[in-house]
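Read off the chains here:
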Amino acid sequence: MGMENFSNHVIRGLKSRWMMAVACFLILSFAGSNYIFGLYSQTIKINMGYDQEVIDTLAFFKDLGANVGIIAGIINQFGPPWVVLTIGSVMNLTGYLMIWLSVTGKVAKPAVWQMYMYQCIGGSSMTFVNTGIIVTCVKNFPRGRGLVIGLLKGFVGLSGAIITQIYRASVSKDDHPSFLIILAATLPTAIVLLLMPFIRPMEAPKEKNETRNFYIFLSMALALAGFLMVFILLENLLVLPQFVIQLFAAVTILIILFPLLIVIWSVLQKSENVVVQGDQFNDEFSDRGKSKVELQSSSCKDIQSGISVLVTEGNSAESSNEVMGADNEKKLKDKWPQRGEDHTIPQALMSLDLWILFIATTCGLGSTITAIDNMGQIGKSLRYSSLSISTFVSLLSIWNFLGRVGAGFISEILLHKYSVPRPFLLSLVLLVASIGHLLIASAVPGSLYMASILIGMCFGAQWPLLFSIISELFGLRPFAILYNIGASASPLGAYLFSVRVAGYFYDREAKLEMQSTDVAATSNEMLCVGKPCFKITFFIMAAVSIVGSAIAAVLVYRTRQFYKQDIYGKFNTEAHDSKAST
């Protein structure tokens with residue numbers, strides 16, 4: 001009987017929301033194929049004989065695939081998560097496998113447009129995986145969406161450093177660097193297919209320990225980031241033997257698996273200690289469950305009922321006209337929802353709030369991703385060693401993670417305790433990003449270390465803020481599609497700033513060097529060495545970030561009253577109503 005009871009606990013744990021959350025964390029921890037482009041882009045450039053503009057265009061198609069996921073949003077809106085996850089895993093394997101075959105010469109050299117297509121297919125896998133996981137998690141944990149999105153996007157940001165450490169543990173320094181591409185093709189695909197059955201929508205009852213569990217997950221994630229940071233510093237300062245690198249990689253994987261203990265612990269608790277039910281739920285949330293908007297609407301209904309009584313008592317026809325006017329106004333409100341209510345896609349697209357947010361994030365994501373995608377070339381131009389360049393990429397990944405989880409948790413605390421609008425933090429983040437761009441433009445010795453930290457943090461912080469703002473302003477019903485519309489700001493910004501600006505100025509400086517140096521002119525690859533290579537580009541990126549910050553400040557002003565409300569109160573009320581009906 002005891003064994004049967006234990007088996008029931010195990011089955012319940014495997015079907016729980018927390019197992020679903022842990023499966024999401026694990027999938028996204030190894031989904032860093034798009035974030036290691038800076039490590040293998042030089043291999044593509046040399047083996048395929050491309051110039052910098054082609055490499056930047058490859059990066060653009062990577063970002064285009066990784067962020068334009070309208071199709072993924074539509075499929076997820078009307079189908080189960082496993083469909084988009086399966087499509088994403090197949091696309092990841094196909095895209096990166098074809099890149100690896102091309103770079104290693106195992107197939108005939110493809111045309112440039114074919115390489116663009118392969119990179120876009122591989123990048124597109126991320127939109128399907130992200131959509132299936134993040135949308136499902138937000139709907140399963142609607143009350144703490146800032147925490148959820150911050151953690152999920154944080155693990156995505158950390159995944160680049162995780163894959164890099166696994167790569168270093170798997171190969172020796174003499175191995176061909178193209179192995180990283182085949183690792184990016186196979187590892188994320190295998191993890192998605194293995195854990196995909198756990199990802200599904202579930203009921204979202206209020207749990208007493210929900211916030212505490214998320215903070216435990218946060219502590220684990222911070223420990224993982226700190227461990228990786230120490231390892232990167234040691235690897236940069238010392239010559240570590242291969243077995244030490246493999247040991248660090250093994251410990252990294254064990255830390256990633258730690259959240260499974262949270263699931264086991266949570267399931268073995270007595271149900272009355274976990275779920276708040278019945279009268280206890282009602283006592284805790286009934287008074288504060290209503291938002292100010294609901295209170296105002298209830299008072300409006302009282303006024304309307306009073307007017308209708310006067311009409312039935314035979315008051316003037318003017319009172320009747322007032323009632324008809326109120327009815328027409330109510331119908332108009334039903335057609336055009338207020339902030340926080342579920343919008344249709346056309347209604348959201350006609351909202352000025354959405355386009356202000358989109359333009360601000362195009363400036364912010366576009367400028368920061370320009371630095372991320374070009375970090376390898378920036379390091380080469382400033383004569384940093386290969387180990388230092390890989391350190392920059394790992395720092396970008398770790399601080400990308402810290403920015404994501406930090407923005408999610410900090411914005412959640414500031415919102416609930418002080419009613420600080422999330423767009424305020426977005427505006428602040430873009431302002432800080434401009435400092436990172438100026439550090440790159442200055443090219444002071446060692447400045448790339450601090451620039452990598454600031455750029456990684458600011459790039460990561462924008463994602464949970466963007467998606468939380470979208471879900472709060474326009475509701476959860478259209479979130480799968482609006483999520484991908486918002487994410488499309490990244491490839492648009494990457495094309496404008498990385499391809500058209502960074503690629504142009506880099507190649508211009510490289511041509512000037514080739515004209516003035518006979519040695520450079522004999523080389524097949526177009527290289528630029530020195531401070532001028534990216535100087536103008538990142539002065540422009542700093543200006544773009546400041547403009548984006550100013551635009552986000554406009555959204556802060558427009559939504560300041562909305563964020564003073566209890567915007568999540570309706571979920572407490574809905575949860576209580578659903579329990580009462582059952």
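Residues numbered from 1 in each chain as written. Predicted model: local features only at pLDDT ≥ 70, side-chain atom pairs only at ≥ 80, totals over all residues. Heavy atoms only, no water.

Considering the overall build of the protein chain
Item 1. Each helix and strand in the protein chain was counted, giving 26 helices and zero strands.
Item 2. When the 582 residues of the protein chain are sorted by exposure, 56% land in the buried category.
Item 3. For the protein chain, the exposed area adds up to about 24600 Å²; of that, 65% sits on carbon and sulfur atoms. (Helix = DSSP H or I, 4+ residues; strand = E, 2+ residues; numbered from the N terminus. Buried < 20%, exposed > 50% of the residue type's maximum accessible area, 1.4 Å probe, protein only. Areas by Shrake-Rupley, 256 points an atom, 1.4 Å probe, with all protein chains shown as cover.)

A look at the packing of helix α10 (residues 210-237) against helix α11 (residues 242-257)
Item 1. In contact at an axis separation of 10 Å, α10 and α11 are set at 170° when each is read in the N-to-C sense. The angle between the axes of α10 and α11 places the two elements in the roughly antiparallel class. Counted together, Met220, Leu224, Phe227, Leu228, Phe231, Leu234 and Glu235 of α10 and Ile245, Phe248, Val251, Thr252, Ile255 and Ile256 of α11 form the full contact between these two elements.
Item 2. Considered class by class, the residues forming the contact of α10 with α11 number eleven nonpolar, one polar and one charged. (Axes fitted to C-alpha atoms, helices over the stretch in contact; angles between N-to-C directions. Parallel < 35°, antiparallel > 145°, perpendicular 65-115°, else oblique. Contact = heavy atoms within 4.5 Å. Nonpolar A, V, L, I, M, F, W, Y, C, P; charged D, E, K, R; others polar.)

Description of the packing of helix α19 (residues 386-418) against helix α21 (residues 447-474)
Item 1. Closest axis-to-axis distance for the α19/α21 pair is 6 Å, and the angle between their directions is 35°. Seen along the crossing, α19 lies across α21 with a hand that is right-handed.
Item 2. Grouping the amino acids of the contact of α19 with α21 by side-chain chemistry returns 16 nonpolar, nine polar and two charged. (Left-handed = near helix turned anticlockwise from the far one by under 90°.)

Details of unusual backbone geometry
Item 1. Positive phi values are uncommon outside glycine, yet Ser419 reaches one of about 55°.
Item 2. For Ser419, the location among the structural elements is in the loop between α19 and α20 (422-442).
Item 3. Phi is positive for Ala443, which is not a glycine, with a value near 55°.
Item 4. As for its position among the elements, Ala443 is in the loop between α20 and α21.
Item 5. Overall, Ala443 belongs to the buried group, its relative accessible area being 8%.

Let's talk about the confidence of the model for the protein chain
Item 1. Looking at the protein chain as a whole, the pLDDT averages 81, with 81% of positions reaching at least 70.
Item 2. The model gives residues 270-324 a pLDDT under 50, and that stretch makes 44 contacts with residues more than four places away or in other chains. (pLDDT = per-residue confidence, 0-100.)

Quick notes on the environment of Ala59
Item 1. When you line up the elements, Ala59 lands in helix α4 (residues 52-67).
Item 2. Each C-alpha atom, one on Ala59 and one on Thr370, is 9.1 Å from the other, the two residues being 311 residues apart in sequence.
Item 3. Not counting residues within four places of it along the chain, the set of residues in contact with Ala59 comprises Phe37 and Asp373.

Details of empty space enclosed by the protein
Empty space among the atoms becomes visible once a probe the size of a water molecule is rolled across them.
Item 1. A complete count under the given rule lists three cavities of 30 Å³ or more for this structure.
Item 2. Taken as a whole, the largest cavity encloses approximately 310 Å³ of empty space.
Item 3. Listing elements by their share of the lining of the largest cavity, those giving two or more residues are α3 (37-48), α4, α7 (112-140), α17 (352-373), α19, α21 and α22 (479-487).
Item 4. Per-class residue counts for the lining of the largest cavity are 15 nonpolar, eight polar and four charged.
Item 5. Considered as a void within the structure, the second largest cavity measures approximately 100 Å³ in volume.
Item 6. Lining the second largest cavity we find 13 residues, and of these Ala31, Asn92, Ser125, Val129 and Pro188 sit closest to its centre.
Item 7. Broken down by secondary-structure element, the contributors of at least two residues to the lining of the second largest cavity are α6 (81-103), α7 and α9 (179-195). (1 Å grid on protein atoms, 1.4 Å probe; cavity = no way out; pocket = protein on both sides within 12 Å on 5 of 7 lines; lining within 4 Å. Points joined across faces, edges and corners; volume = space filled by probe spheres on them.)

Considering the state of the cysteines
Item 1. Counting across every chain of the model gives one disulfide.
Item 2. Note on cysteine connectivity: Cys528 is disulfide-linked to Cys533, with sulfurs 2.0 Å apart. Residues Cys528 and Cys533 are joined through a disulfide that is left-handed, its torsion about the S-S bond being -95°. For the residue pair Cys528 and Cys533, the accessibility class agrees, reading buried in each case. (Disulfide = S-S within 2.5 Å.)

A look at the pattern of salt bridges
Item 1. For the structure shown, the criterion picks out eight salt bridges.
Item 2. When the shortest N-O distance is used, the salt bridge between Asp373 and Lys62 registers 3.3 Å. Of this pair, Asp373 sits in helix α17 while Lys62 sits in helix α4, and the two are 311 residues apart along the sequence. The pair Asp373 / Lys62 is uniform in exposure class, with both members buried.
Item 3. In this structure, Arg558 engages Asp353 in a salt bridge whose closest nitrogen and oxygen atoms are separated by 2.7 Å. Placement of Arg558 in helix α25 (residues 532-558) and of Asp353 in helix α17 is noted, with a sequence separation of 205 residues between them.
Item 4. A residue is classified by how much of its surface remains accessible, and Arg558, at 31% relative accessible area, is partly exposed.
Item 5. Look at the salt bridges and you will find they share partners, linking Arg339, Asp353 and Arg558 into a network. (Salt bridge = Lys/Arg side-chain N within 4 Å of Asp/Glu carboxyl O.)

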